[in-house]
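Structural characterization, general
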Amino acid sequence: PRRCAYFVERKKRFCKMIPAPGRRFCGEHGQQEEENDRKRIPCPLDPKHTVYEDQLQKHLKKCNSREKPKPVYFVQDINAGFKDVAEIPEKQVPISSLSREELEDLIIKLKKASNGLELHLKEQILSHKALQEALNDPKNGESAFKHLKQQASILGNMEKLHLLGPGRCFVEFGAGRGKLSHWVDVALQNVENVQFLLVERATTRFKVDGKHKRRDSIFERLQVDIQHLCLKKVPILEKKKLPVVGIGKHLCGAATGMNYVCYMYILNSLCPKCQTFRANTCFTGRRSSYSVPVSGIVIALCCHHKCDWTHYVGKDFFKSVGLGLVEFNYFQRMSSWATCGMQETTTKASTSEESEDQTNDTEEHEQTFSKTESGSDTVQGILTVEERKEIGCLCKLLIDHGRVEYLQQRGYKAALQYYTESAVSLENVLLTAVPSPSLIPEPTK
């Protein structure tokens, strides 16, 4: 069929849409027709496309950019944390504008706050038989192999914590294509009564959900921001009340904190009096009206430079070591120094000849690291590359320790460990948490 005669300058080719009979241009470029007296205007919902002015009202009712009805599990800002008016962040000062004395003072505070912390994490680099065939497949290029090694180690750590088993609902946050859930499903191929909830705010292409042909495992996507997700209102979770296992591979910045709060909401209802959480009861002793046990959390951490104080769950820890909003805003940005090599390695990692599986499995954090590190927060000439890397690692450790303490205070045995080599991923820290014995509910008689 004859194509639209409009030349798309940005793509250096003609439009591929098919015009109506007797027309040279498609509907989108119909204004190019000299004889066309109908006017096209930008859509008020999304100016990236146009619509005939006389059909605007009809278009607004079916436009893909229109506001859609919110699902039952959407609760505005439920996991956004509580904003303290006294701690509204001021305009951030670039680190590069700090004097040598101010920078040294920040580093002294950082090292003092880090005293007593375990600076050298335990290596827990494991694998799982479910991925052995894929790991040995020569068709997978270098980038795909790195992702598979990370996924295998995450599954290995889950197995060691006895989290791979029947009667569970696996919730993958920041699911993307859903590859991590896919491999969990493969590992549980002979297990019954398993559910998967894939939480992703963006529309994702090349999803692997359709590959799951087992009849006894349920996959459901929740297209919602973690900030607004009330897990206990998800229908299939509310119906069966299966214990939840939270998983994620490279969950960026603030999303990590919000998903911890999300777990606490399904464990308990917030007490209206004290605004606190506790395992089944709050500090005032009020019993939770409805709770779902969280059997475990396994999250590969990343993008500490995207954290923000409002969503950070370790505020109490920071305050206990004499730090606050101002220091957090500096440490959060300085944490990117730990991955100074990311810009070079990620540029080399992807080539046009990679397989489809590689090309579409690139992590969001890999695409955005160089933007942060090449910005205004460099201090070249004051610190060496090695010093910057050491300080960046310390900032990440401090932020992560606040998360660990948050979970420990809520009855969980939480830990940080290296789950893969730094040559595979510079973001190689895994946070795991399982309930302490006192948190595990007694079986009903």
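Looking at an unreviewed UniProt entry, one finds the protein named tRNA:m(4)X modification enzyme TRM13 and attributed to Grus americana. UniProt, in its Function (unreviewed entry) section for the protein, records the words "tRNA methylase which 2'-O-methylates cytidine(4) in tRNA(Pro) and tRNA(Gly)(GCC), and adenosine(4) in tRNA(His)." UniProt's Sequence similarities (unreviewed entry) comment on the protein is quoted here verbatim: "Belongs to the methyltransferase TRM13 family."

**Points about the pattern of salt bridges**
For the coordinates displayed, the defined rule picks out eight salt bridges. For Asp-225, the salt bridge goes to Arg-201, with nearest N and O atoms at 3.2 Å. With a gap of 24 residues between them, Asp-225 in the loop between strand 8 (217-222) and helix 6 (235-240) and Arg-201 in the loop between strand 7 (194-199) and strand 8 connect regions that are remote in the sequence. Note that Glu-427 is salt-bridged to Lys-396, the shortest N-O span being 2.8 Å. Of the two residues, Glu-427 sits in the loop between strand 11 (412-418) and strand 12 (429-435) while Lys-396 sits in helix 13 (residues 385-409), which places them 31 residues apart along the sequence.

**Side note on a positive patch on the surface**
Where like charges cluster on the molecular surface, the positive patch consists of Arg-3, Arg-10, Lys-11 and Lys-16. Tracing the chain through its elements places Lys-16 in the loop between strand 2 (13-14) and strand 3 (40-42). Assessed through its relative accessible area of 55%, Lys-16 is described here as exposed.

**A word on the sheet that holds strand 7**
If you walk across this open sheet you meet the eight strands as 5-11-12-10-9-6-7-8, and the pairing is mixed. Two strands lie at the open edges of the sheet, namely strand 5 (122-123) and strand 8, each paired on one side alone. By the bridge criterion, six bridges tie strand 6 (residues 168-173) to strand 7 in an arrangement that is parallel. When the bridges of strand 7 are listed, Glu-172 appears paired with Leu-198. Across the sheet, helix 4 (residues 142-160) is in contact with strand 6, strand 9 (244-252), strand 10 (294-302), strand 11 and strand 12; its angle to strand 9 comes to roughly 150°. Across the sheet, helix 5 (residues 179-187) touches strand 6, strand 7, strand 8 and strand 9, and the angle it forms with strand 9 is around 140°.

**Points about a negative patch on the surface**
A surface patch of negative charge is lined by Glu-101, Glu-102, Glu-104 and Asp-105. Turning to its location among the elements, Glu-104 is positioned in helix 2 (residues 100-114). We classify Glu-104 as partly exposed; its relative accessible area is 41%.

Thresholds applied
Residues numbered from 1 in each chain as written. Predicted model: local features only at pLDDT ≥ 70, side-chain atom pairs only at ≥ 80, totals over all residues. Heavy atoms only, no water. UniProt positions renumbered as here; feature names shortened; annotations may be inferred. Salt bridge = Lys/Arg side-chain N within 4 Å of Asp/Glu carboxyl O. Helix = DSSP H or I, 4+ residues; strand = E, 2+ residues; numbered from the N terminus. Patch = residues over 30% accessible without salt bridge, like charges linked within 9 Å, V, L, I, M, F, W, Y side chains within 5 Å. Areas by Shrake-Rupley, 256 points an atom, 1.4 Å probe, with all protein chains shown as cover. Lys, Arg positive; Asp, Glu negative; His and termini not counted. Charge placed at Lys NZ, Arg CZ, Asp CG, Glu CD. Buried < 20%, exposed > 50% of the residue type's maximum accessible area, 1.4 Å probe, protein only. Pairing = 2+ DSSP bridges. Contact = heavy atoms within 4.5 Å. Axes fitted to C-alpha atoms, helices over the stretch in contact; angles between N-to-C directions.

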